[in-house]
Amino acid sequence: PPVDDPRTPTGRLGVRAAHLWVARGKDRISLHDVLGGSFVLLTAGEDGGAWARAAADAAARLGITLPAYRVGPDGDLVCPAGEFETAYGTVPGGAVLIRPDGVLAWRSVPDADPAAALEPALRRLLARDG
């Protein structure tokens with residue numbers, strides 16, 4: 001896939017997910033530590049509950065594993081305000097979908113309805129009809 005400059009990642013679709021240091025509980029980890037093996041949904045900011053529900057519902061209907069994490073100052077994965085959004089090209093309340101190989105596959109548009117947006121995106125990425 002194309003490569004972004006690692007010093008100034010843009011979150012461009014089709015590039016490898018940017019590395020960020022985040023805190024998970026008391027541990028400092030790379031954001032890459034939660035990627036791999038399945039699609040992963042990352043949401044910007046603390047208000048990711050609707051995205052997490054949409055991920056769980058879509059995963060159940062499609063028979064896939066789809067972990068979802070809120071990334072930000074008060075998220076499941078803690079980092080400074082705006083850092084995730086800048087590196088992943090999203091906005092507060094937005095979400096990005098990372099492929100199992102660590103490449104950015106999809107990004108929500110501002111004010112997207114998580115339930116209406118996520119499953120159709122996954123169906124396109126998985127080449128599944130209906």
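These figures come from a predicted structure and were not determined experimentally. (Residues numbered from 1 in each chain as written. Predicted model: local features only at pLDDT ≥ 70, side-chain atom pairs only at ≥ 80, totals over all residues. Heavy atoms only, no water.)

K.L.:
Please give an account of the side chain of serine 108 that cites residues and values.
P.N.:
Along the chain, the position of serine 108 falls in the loop between strand S6 (104–107) and helix H3 (114–126). When its relative accessible area of 8% is taken as the criterion, serine 108 is described as buried. Residues contacting serine 108, with those up to four places away along its chain left out, are Trp51, Gly94 and Ala95. (Helix = DSSP H or I, 4+ residues; strand = E, 2+ residues; numbered from the N terminus. Buried < 20%, exposed > 50% of the residue type's maximum accessible area, 1.4 Å probe, protein only. Contact = heavy atoms within 4.5 Å.)

K.L.:
I'd like a description of the pattern of salt bridges, backed by residues and values.
P.N.:
Counting across every chain of the model gives four salt bridges. With its nearest N and O atoms 2.6 Å apart, the salt bridge here joins glutamate 119 to arginine 61. Of this pair, glutamate 119 sits in helix H3 while arginine 61 sits in helix H1 (residues 49–62), placing them 58 residues apart in sequence. For the salt bridge of arginine 123 with glutamate 119, the shortest nitrogen-to-oxygen distance reads 2.9 Å. Of this pair, arginine 123 and glutamate 119 both sit in helix H3, separated by four residues, roughly a single helical turn. Like arginine 123, the residue glutamate 119 is buried in the burial classification. By sharing partners, the salt bridges in this structure join Arg61, Glu119 and Arg123 into a single network. (Salt bridge = Lys/Arg side-chain N within 4 Å of Asp/Glu carboxyl O.)

K.L.:
Got a sec to walk through the environment of alanine 50? Specific residues and values, please.
P.N.:
With respect to the helices and strands, alanine 50 occurs in helix H1. In this structure the C-alpha to C-alpha distance between alanine 50 and glycine 93, which are 43 residues apart in sequence, comes to 9.6 Å.

K.L.:
Report on the sheet that holds strand S3 (residues 40–44), specifying residues and quantitative values.
P.N.:
The sheet built from four strands is open, its strands ordered S4-S3-S5-S6 with mixed pairing. Both edges of this open sheet fall to strand S4 (68–71) and S6, since each of them pairs with a single strand only. Across the sheet, the axes of successive neighbouring strands diverge by a mean angle of 25°, strand direction being ignored. Alignment of S3 against S4, held across four bridges, turns out to be parallel. Within S4, the position partnered with leucine 42 by the bridge is tyrosine 69. The strands touched by H3 within the sheet are S3, strand S5 (95–98) and S6, with S6 carrying the most contacts at an inclination of about 150°. (Pairing = 2+ DSSP bridges. Axes fitted to C-alpha atoms, helices over the stretch in contact; angles between N-to-C directions.)

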